[in-house]
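# Descriptive structure summary
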Amino acid sequence: MAAPVNAAVQQQQQQLLNQAALQQVQPGLQAATLQQQQLSQQQDFDPVHRFKMLIPQLKESLQNVMKIASQNLAHNTTIDNGIKSSDASVQRFDKSLEEFYALCDQLELCLRLAYECLSQSIDSAKHSPNLVPTATKPDTVQTESLSYSQYLSMIKSQITCAKDIHNALLECSKKIAGKGQPHGTL
């Protein structure tokens, strides 16, 4: 999930660089505009921020669906009672309901993305929970932090584990490829 997000971020950064090159004509006003665009685009990638932005739209869409449903119900009731003919035009309920469901789908995607980000963060903290103290802040050494040599040994063990998994997958793929070939053509 992180690869598509990173690709999208890189694409937007490239677009921003292209915009910056074009906007060197009027640097004062356009620099402020560019910063605002960067900030809004960064916030668009934050699923929680996007979720918060979509909630008022969803509320408005739900109100619209209910209003149109009420109007259509009242219109159909008057037709059924013989008070009016069906000449009057009413708004289409299916279009407003479609808009509501589209917003619900967007909210669901935001929540799924936020959940994936959270689970990746939890996994990251689980597999590397202790921090290495920085040289710039020696007075704020945490009791649970690792020394640099401990950190290096942990990283080496993670690299070794990754290599073992890679080798196991290679062996498995070779065995699978070997079973697909006839025995005489090895």
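Residues numbered from 1 in each chain as written. Predicted model: local features only at pLDDT ≥ 70, side-chain atom pairs only at ≥ 80, totals over all residues. Heavy atoms only, no water.

### A short note on the overall build of the protein chain
Rules: Runs of E in the DSSP output that reach at least two residues are strands. Runs of H or I that reach at least four are helices, and both are numbered from the N terminus. The buried label applies to any residue whose accessible area, calculated with a 1.4 Å probe on protein chains only, is under 20% of its type's maximum; exposed applies above 50%, and partly exposed to all values in between. Only the protein chains shown count as covering a residue, and every accessible area follows the Shrake-Rupley method with a 1.4 Å probe.
Helix and strand counts for the protein chain stand at 5 helices and 0 strands. The linear arrangement of helices and strands in the protein chain, starting from the amino end, is α-α-α-α-α. The burial tally for the protein chain puts 11% of its 186 residues in the buried class. Surface exposure of the protein chain reaches about 14,800 Å², of which carbon and sulfur atoms provide 59%.

### A short note on the nonpolar core
A general trend in soluble globular proteins is that nonpolar side chains are found buried together. Threshold: Residues grouped as a nonpolar core are buried Ala, Val, Leu, Ile, Met, Phe, Trp, Tyr and Cys residues, joined through side-chain atoms within 4.5 Å. Throughout, a residue-residue contact means that at least one pair of heavy atoms, one from each residue, lies within 4.5 Å.
Within the largest apolar cluster, 7 residues are counted, these being Leu 54, Leu 58, Val 65, Phe 100, Leu 103, Leu 107 and Cys 110. Taken together, the elements giving at least two residues each to this core come down to helix 3 (47–80) and helix 4 (93–127). In terms of residues, this core owes the most to one element, helix 4, which gives 4 residues. If we ignore the near neighbours within four places in the chain, the residues touching Leu 107 are Phe 51, Leu 54, Ile 55 and Leu 58.

### What to know about the packing of aromatic side chains
Going by this rule: Only centres within 6.5 Å qualify two rings of Phe, Tyr or Trp (six-membered ring in Trp) as a pair; their planes then separate them into stacked at under 30 degrees, edge-to-face at over 60, and tilted for everything else.
Taken as a whole and assessed by the stated rule, the structure comprises 1 aromatic pair. Aromatic side chains Phe 100 and Tyr 101 sit 5.9 Å apart centroid to centroid with 55° between the ring planes, which places their arrangement in the tilted category. Here Tyr 101 falls in the partly exposed class, since its relative accessible area comes to 48%.

### Topic: the pattern of salt bridges
Threshold: Each salt bridge in this description consists of a side-chain nitrogen of Lys or Arg and a carboxyl oxygen of Asp or Glu lying within 4 Å of one another.
This structure, assessed with the given rule, holds 2 salt bridges. Ionic pairing is found between Asp 94 and Arg 92, a salt bridge with its closest N-O pair at 2.6 Å. For Arg 112, the salt bridge is made with Glu 108, and the minimal N-O distance between the two is 2.7 Å. On the criterion of helical spacing, the pair formed by Arg 112 and Glu 108 is a turn pair, its members being 4 residues apart in helix 4.

### Topic: helix 3
Note the threshold: Expected helix span is given by 1.5 Å per residue-to-residue step, counting one fewer step than there are residues. Here the bend at each residue means the angle between axes fitted to two seven-residue stretches, the one ending at that residue and the one beginning there.
The end-to-end C-alpha distance of helix 3, which contains 34 residues, comes to 47 Å, matching closely the 50 Å that a straight helix rising 1.5 Å per residue would cover. At Leu 54, helix 3 shows its maximal bend, which comes to roughly 25°, and the proline Pro 56 appears one to four places after that position. Buried within helix 3 are the following residues: Pro 47, Leu 54, Leu 58, Ser 61, Val 65, Ile 68, Asn 72 and His 75. Following helix 3 by one or two positions, Gly 82 adopts a phi angle in the positive range, close to 80°.

### Overview of the environment of Asn 64
Within the secondary structure layout, Asn 64 lies in helix 3. Taking the C-alpha atoms as reference, Asn 64 lies 6.9 Å from Ser 96; in sequence the two are 32 residues apart. Residue contacts for Asn 64: discarding those within four places in its chain leaves Gln 91 and Ser 96.

### Remarks on helix 4
The terminal C-alpha atoms of helix 4, which comprises 35 residues, lie 51 Å apart, in line with the 51 Å expected from a rise of 1.5 Å per residue. Those residues of helix 4 that fall on the buried side of the exposure criterion are Ser 96, Phe 100, Leu 103, Leu 107, Cys 110 and Leu 113.

### Observations concerning the confidence of the model for the protein chain
We count it as follows: Each residue gets a pLDDT score, which is the predictor's confidence in that residue and runs from 0 to 100.
Model confidence for the protein chain is summarised by a mean pLDDT of 76, while 62% of its residues fall at 70 or above. Averaged pLDDT values for the elements of the protein chain fall to 52 in helix 1 (residues 2–22) and rise to 91 in helix 3. Between residues 20–29, whose pLDDT stays under 50, and residues either more than four places distant or in other chains, the model counts 4 contacts.

### Remarks on the side chain of Ser 96
Its place among the elements puts Ser 96 in helix 4. A relative accessible area of 4% means that Ser 96 is categorised as buried. Apart from the residues lying within four places of it in its own chain, the contact partners of Ser 96 are Ser 61, Asn 64, Val 65 and Ile 68.

### A look at the packing of helix 3 against helix 4
This is how it is decided: Between N-to-C directions, angles span 0 to 180 degrees; the directions come from axes that are lines fitted to C-alpha atoms, helices contributing only their stretch in contact. Note on angle classes: values under 35 degrees are labelled roughly parallel, values over 145 roughly antiparallel, values of 65 to 115 roughly perpendicular, and the remainder oblique. For any pair of crossing helices, the crossing counts as left-handed if the nearer helix is rotated counterclockwise from the farther one by less than a right angle, and right-handed if it is rotated clockwise. Residue polarity follows a fixed list, in which Ala, Val, Leu, Ile, Met, Phe, Trp, Tyr, Cys and Pro are nonpolar, Asp, Glu, Lys and Arg are charged, and the others, Gly among them, are polar.
Interhelical geometry of helix 3 versus helix 4 gives an angle of 160° and a closest axis separation of 9 Å. Classed by the angle they form, the pair helix 3 and helix 4 counts as roughly antiparallel. For the pair helix 3 and helix 4, the crossing hand works out as left-handed. For the contact of helix 3 with helix 4, the class distribution of residues is 20 nonpolar, 6 polar and 2 charged.

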